[in-house]
Each structure stands twice: as C-alpha cells, then as structure tokens.
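Okay, here's what each chain looks like letter by letter:
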Amino acid sequence: MGFLPFFSLETWTLLITCFCLFVTYGYWSYGVFEKLGIPGPKPVMYWGTFGRLNKVYYLADVACAQKYGRVWGLYEFRTPVMAVMDPDMLKTILVKECFTYFTNRRNLPLSGDLSDGVSLAENDQWRRIRNTLSPFFSSGHIKEMFGIMKHHSKKLTLSLRSKVQDGDTVTMKDFFGPYSVDVMGSCAFSVDMDSINNPTGPLITHASNLFNISKLLVIAIGCFPFVLPLLDLLGVSIFPKSSTAYFKTLLEKVKGERNDVLNQKLGDFLQHMMNYQSTKMHEPMNEKQRNGLTEHEILSQATLFVFAGYETSASALVFLAYNLATNPEVMQRLLREIDSTFPNKAPVQYEALMKMEYLDSVVKESLRLYPSATRLERTARETVKINGITIPKEMMVMIPVFALHRDPELWPEPEAFKPDRFSKENKQNINPYTYLPFGAGPRNCLGMRFALVVVKLALVEVLQNFVFSVCEETEIPLQMAATTFISTARPIKLKLVTRSNVSENGEKKNEE
Ligand code: HEM
C-alpha cells in the first residue's frame, strides 16, 4: 500500500467514508421536486440553487418563471422551496387554507428576542397576537394618528427646503428614511427621535441595523441545520444583538414611565398593547384560553412595528420618486390632481388625501414595479394537494411577488410605469391574486392602510414644494441588489427642482 502516502489504510478508509457522507448529506434533499414532477434549476451540493439564474434572488425568480412556468422548485441550501405564481393556487394558499394548512411563514431559527413578534409567531399564538393588535390599525385609529404623521411630513419638507438648493442632487433615502423611522417611532411609542435632523441617531441606526442578518450564520444553518440546538444553547441570534438590546432598553424605559391612569388615553401602539396586557400569562392554561399580551410580547411587537414599517415605507417612497422622475408626464398629471385637491399648497387633509384617485393609482403602480417585499412565504402544516400539485408537509411555499408583478401575460408591457392600469375603470379587471404588494388573506400586511397614509402624505407634501427630475447621477435602468427588502446596488439619486421654478408644462423656468 506504499502508493497511499502518509496515512494508514484505516485512516484512509475513515477519510473516504467521511467524504462520501459529506457529499451524500450535501445532496440528500435534492430529489424532492423530481419525484413531484416539478421543474426547476439544478442545485449545487449544499449551496442549492442560489445564484443559478441571477445573483439577485427576485430577478432569478423572473428568469425561473420564464423558463419553468408558474410553479417550480428551488433549494435554499439543502431546503426545498416550492415557488407558486399561479393566481388560483395563491388564492387557496393565502386565503382559503390559511387557517388549516398555511398559517405560518418559515420557522426562522435563532430569532431570539423577536421570536414572539406577530410576523414570526405561529398558529394560536399568532392568532391571539394578531387579534389583539388589529384594532390599532382600524381606519378610525389611523385617522387619529394623522396629526403625528403630518408633524413629520412637515419636518421632511422643511428639511428639504433648508438643505436642498434648487436643482441639487439628492439621495432620496437620506430624507425618506428618517421621515419613515420618525413616524414609526412616534406612532409606536411616542418617541420623537428627530432623525430627519439627526440622521445618524440611534433609532435610525438600529432600525437599519436590524436588517443586517449575519450571512455567515445563515449559510451555516442552511448547510448544517444540526448545529442549531448548539447555537440556540449559546444564545446566538440572527438579529444583531446590539440592536435588539437597544430597542429592549428603550421600550422598557418608555413603558416603565407609563404606569399611571393618565397614560391609558395615549393613542400610540405601545399604550394600545399595554391596555391589553394580561396579568394571567404565567398561569397554566393552553394557548386557546389565553388572551392579551405578555410583557415580552409587548416589547417584541413594538420593535417589530419599527422593523416592519421603516424600510418598507421608505423604499416605497424612494421608488415612487424615481418612477415619477423617469415619467414626467405622470408626475405632471399627479401635480394637477394635488393642486386641484389642495389649492395654493393648502394643508393636506386626511379625507381628501384618501379620495385622490390618480395618487392611489400612482402608488399602486409603483408598488407593482418595486414591491418592498419581493417574496411572500407560507409553510405547509400537512401534506395537501392543490390544483393537482402535491405540497408535502413542512414544505415552504414561496410566492415570488416581484416576478408575479412582471409576468407579461398578466401585465402587458410589464416594465412600463402605467398608473392607469389601476384607474377606476381598469382596476375591476385585475385579479387580486396577481397583485400582492401587501400579501393577501388573514396573514397579510397588518400595517397596509397605515403605510399607505404615511407614503401618500409625504409624497403629496414633497410634491407641493418640489418636482423630481433625473440627473447625470440617476442610474437608468436601476441595478437591483439582493437584500431582505427590495433595494438598488447604489442609492437612487435625483434632482429636486423647487415648484416656483417650474412652469405649467413642467419645464424648469430660466433654463438655458
Ligand atoms: C409600503 C409599506 C409596506 C409594505 C409594502 C408592506 C408589505 C408587507 C408584506 C408583503 C407582508 C407579508 C404579507 C403576507 O405574508 O401575506 C407584510 C407583513 C406585515 N407587515 Fe407590512 N408592509 C408595509 C408597511 C408596514 C407597516 C408601516 C407596518 C406596521 C406599522 C407593517 C406591519 C406588518 C406586519 C406586522 C406584518 C406581519 C403580519 C402577520 O404576520 O400577521 N407593514 N407587510
């Protein structure tokens, strides 16, 4: 055996066995979709199908939809995921069978302190928390918060007016990000961090940081899930601990200062939950008998409010500005609607804002092209057959919203920004399961109505003062990036022109 250098035969046998086990484990789960007769890209050992068709996962979904149709299989490392883009199946998954088979999203491991947040909670716990939070998002309550939102939209326009000279190039997120996080902080726990004037302050820093999920950790868990119990035992969390700790300390302090009766009248999210705080949570009873929220659950929901609302609303505003700058005729029509609804820059009123039809179409069309959440997900609790396709127990179903919104059979000229798709006459022809910027069914976006007010208000107030225009630094077309929520590889930069310097036809006055 002299041709086998260094090691003994036993050592070689052990090494080869380990190698074979390593390879077998890396491929073990990859036959699932072949057995189900579902097409999809070929996975690479351990790595799965990441980056096979495009490095940006939601652009890969567009490529997969073109190649494989409306149902395909992919692998996130070793985990099989079924992509479903068929509107009939989506109705069944998201609405009809939500409570029986598809109640939960993925079970996000190592979510630590946030595991009882409404978007991560499961089954009866999720239902209890969601039912407790829902009244806060009623139209009446949102209207009550309009004054707080207006306080921040005013600060946004004042800040733009003081910091931006006519025709300056602006990184849109630098203004819409702080506006969004300040609205969330004020409506969630009445803390005004004034991020608009303090853009490196702790609230915005930690709210942005919450999304910095450790890639290394995700890869380790994806390839070797058996390490999970050990990591859990060691208290490892996928959310940056410094940021979850910041929110915990802040909220404990705010909550601790609120124990008198007077505070019960405060209209913020934290107080709403405190009014439902249960004193019986530590008594033995099953989940169905419980109601209200525990102390820990209250802190998690308040953190998640900022987490779920900040980046999504800010990105919706940034892409709206981009779409308007690149489609000046749409912007002009919108300006006309704004000026006729609120003549002479009159203060924005809630009812009138909500009745603006063209504004609504513009926002909807922008969220079609750039939905803040590019994918939805649900996990099958049991094996179920839908439209002849078997979805095995524990299979994760992924709904590629970005790809669905750009399906040329559902949306003619899918890349074009055409708000009239959502006009009064046209919108009744839209199948609701082909347009999902806020998801659908009992587990849809809890903050949808709230978010639409936050976005529309800021857009109208900014457009009462400025118009957006493309400049040399505007990237066209945009290069997208693979982040948790939709984003671009480089920040979106636009030119802002003050309204007094814009003529009726939208041209800049005094331009050479
Ligand atoms: C333009 C802004 C926003 C967009 C595009 C958006 C979109 C979404 C989407 C797509 C989902 C998943 C729905 C599903 O799985 O069917 C979701 C869930 C959620 N969103 Fe939003 N969202 C926005 C703003 C907000 C805001 C401002 C809040 C809170 C104030 C919020 C709170 C939530 C919560 C709590 C969930 C989880 C609901 C549950 O699991 O029951 N969102 N959002």
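This is a predicted model, so every value here is computed, not measured.

**Quick word on the nonpolar core**
Part 1 of the argument: One finds L317, A321 and A458 to be the most contacted residues of the largest nonpolar core, which totals 92 residues.
Part 2 of the argument: If one sorts the elements of this core by residue count, helix α14 (residues 295-326) sits on top with 19 residues.

**Things to note about the site of the ligand**
Part 1 of the argument: What surrounds the ligand is a group of 24 residues, the closest being G309, T312, G439, C445 and G447.
Part 2 of the argument: Broken down by secondary-structure element, the contributors of at least two residues to the shell around the ligand are α14 and α20 (448-465).

**A look at the sheet that holds strand β3 (residues 169-171)**
Part 1 of the argument: Read from one edge of the open sheet, three strands run β3-β11-β8, paired in antiparallel fashion. Here the strands that pair on one side only, and so sit at the sheet edges, are β3 and β8 (466-469). Between one strand axis and the next, the sheet turns by 45 degrees as a mean value, whatever way the strands run.
Part 2 of the argument: For β8 and strand β11 (residues 493-498), the ladder comprises four bridges, and the chain directions are antiparallel. Directly across from V467, in β11, lies its bridge partner V497.
Part 3 of the argument: The strands touched by α14 within the sheet are β8 and β11, with β8 carrying the most contacts at an inclination of about 75 degrees.

**Points about the UniProt feature "binding site: heme" (unreviewed entry) in the protein**
Part 1 of the argument: Under the feature "binding site: heme" (unreviewed entry), the UniProt entry names C445.
Part 2 of the argument: Relative to the helices and strands, C445 resides in the loop between α19 (424-427) and α20.
Part 3 of the argument: Beyond its immediate stretch of four places on either side in the chain, C445 contacts F438 and G439.

**So, the UniProt feature "transmembrane region" (unreviewed entry) in the protein**
Part 1 of the argument: When the UniProt feature table is mapped onto this chain numbering, "transmembrane region" (unreviewed entry) sits at residues 12-33 and 216-239.
Part 2 of the argument: Between the first and last C-alpha atoms of residues 12-33 the distance is 35 Å; the span itself is 82% helix and 0% strand.
Part 3 of the argument: Along residues 216-239 the backbone is 58% helical and 0% strand, and the end-to-end C-alpha distance reaches 12 Å.

Criteria and cut-off values
- Residues numbered from 1 in each chain as written.
- Predicted model: local features only at pLDDT ≥ 70, side-chain atom pairs only at ≥ 80, totals over all residues.
- Core = buried A, V, L, I, M, F, W, Y, C linked by C-beta atoms within 7 Å.
- Buried ≥ 20, exposed ≤ 12 C-beta atoms within 10 Å, placed from the backbone.
- Helix = DSSP H or I, 4+ residues; strand = E, 2+ residues; numbered from the N terminus.
- Near = placed C-beta within 6 Å.
- Pairing = 2+ DSSP bridges.
- Axes fitted to C-alpha atoms, helices over the stretch in contact; angles between N-to-C directions.
- Contact = placed C-beta atoms within 7 Å.
- UniProt positions renumbered as here; feature names shortened; annotations may be inferred.

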